[in-house]
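Here's the letter readout for the chains.
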Amino acid sequence: MKGVILAGGNGTRLSPFTKIINKHLLPVGPYPMIYWSIMKLESSGIKDILIITHQDHLKDFKTVLKNGEDLGVNITYKIQPYAGGIAHGLLYAKDFIKKEKFIFMLGDNIFEDSLLPYVKNFINQDEGAKILLKNVEDPERYGIATVNKITNQITSIVEKPQNSSSNLCVTGIYMYDDGVFGYIDHLKTSARGELEITDINNIYISKGKLSYEVLQGWWIDAGTHNSLFIANQLVYKELNKLRTDDNE
């Protein structure tokens, strides 16, 4: 499998820093934010990675990451010319993916779990897509999946519901077959003028081809000032724990 990381967007939630730097290059622990996505992919056996970003930030990513050799991966870059939504950004991975299954991540996801077991399960899945979910206390901030407890299937995904019976947040970690690009080609823009990844996932649901698993460790979307602060705390706590374990 190949990996795709979306590192575009305007980063308005992290302004004023994002007026001069892409948010995915802000520090989380001792590394730029995007390092964590790359390292999670690498440790799951995925070495060929595409990073999708805006033209204005391409030089900075290439300066920091180069071709990925220092992180044990092969990095390719692609430009998303404007912030047209997550599904719009994914469309630029079509030539890179060709006919393979792949994992698609938002670069501001910081999480504890290894991706390896989830990747293995998706490789063994005949077709369709898989998304990773996480129980959250504030479902109104996220896309929320409702699961039929009898069939254990996702029945719907709703963006930022004000009253939800589910707390299962759709994290920015998705796995797709190459059929996703055909669905994006026929997608209509939402009311906010974007191609929505939620609409893509709901298409897979309608076809009975969307599986899911729930992350067991901590997870955070580090796209706000407060969540970026929490992400740093969690990362340093984990790093300090590893150092303590190594010294025992």
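What comes next concerns the included structure. Worth saying up front: this structure is predicted, and the values here are computed from it rather than measured. (Residues numbered from 1 in each chain as written. Predicted model: local features only at pLDDT ≥ 70, side-chain atom pairs only at ≥ 80, totals over all residues. Heavy atoms only, no water.)

The subject of this paragraph is the packing of aromatic side chains. Evaluation of the coordinates by the stated rule reveals 9 aromatic pairs. Taken together, a centroid distance of 5.1 Å and an interplanar angle of 85° make the contact between Tyr 183 and Tyr 204 edge-to-face. With Tyr 183 in helix H6 (residues 180-185) and Tyr 204 in helix H7 (residues 197-206), the pair connects residues that are 21 residues apart, well separated along the chain. Residue classification places Tyr 183 among the partly exposed positions, given a relative accessible area of 21%. For Tyr 204, a relative accessible area of 1% translates into the label buried. The rings of Phe 102, Phe 104, Tyr 174, Tyr 176, Phe 181, Tyr 183 and Tyr 204 are connected pair by pair, giving a single aromatic cluster. It is Lys 101 that lies over the ring of Phe 122; its NZ or CZ is 4.7 Å from the centre. (Phe/Tyr/Trp six-rings, centres within 6.5 Å; stacked < 30°, edge-to-face > 60°. Helix = DSSP H or I, 4+ residues; strand = E, 2+ residues; numbered from the N terminus. Buried < 20%, exposed > 50% of the residue type's maximum accessible area, 1.4 Å probe, protein only. Lys NZ or Arg CZ within 6 Å of the ring centre and 35° of its normal.)

Pairing is possible between side chains that carry opposite charge, provided their charged atoms lie close to one another. The full count for this structure, using the stated rule, is 12 salt bridges. With its nearest N and O atoms 3.4 Å apart, the salt bridge here joins Glu 194 to Arg 192. On the accessibility criterion, Arg 192 (56% relative accessible area) is exposed. Each of the salt bridges in this network shares a partner with another, and the network as a whole consists of Arg 13, Lys 23, Asp 108 and Asp 221. (Salt bridge = Lys/Arg side-chain N within 4 Å of Asp/Glu carboxyl O.)

Moving on to the pairing of strand S1 (residues 2-6). With 5 of 5 residues buried, S1 lies mostly within the body of the structure. Neither face of S1 is exposed, since Lys 2, Val 4 and Leu 6 on one face and Gly 3 and Ile 5 on the opposite face are all buried. Note that S1 and strand S4 (residues 48-53) share 4 bridges and pair parallel. Across the sheet, residue Leu 6 finds its bridge partner in S4, namely Ile 52. (Pairing = 2+ DSSP bridges.)

Quick look at the side chain of Gln 125 now. Relative to the helices and strands, Gln 125 resides in the loop between helix H5 (116-123) and strand S8 (129-135). Residue classification places Gln 125 among the buried residues on the basis of a relative accessible area of 16%. Here Glu 127 takes part through its backbone oxygen, which lies 2.8 Å from a polar atom of the side chain of Gln 125. Those residues in contact with Gln 125 that lie beyond four places of it in its chain are Lys 101, Lys 130, Lys 209 and Ser 211. (Polar contact = N/O pair within 3.5 Å; in protein donor to acceptor, adjacent residues only side chain to side chain. Contact = heavy atoms within 4.5 Å.)

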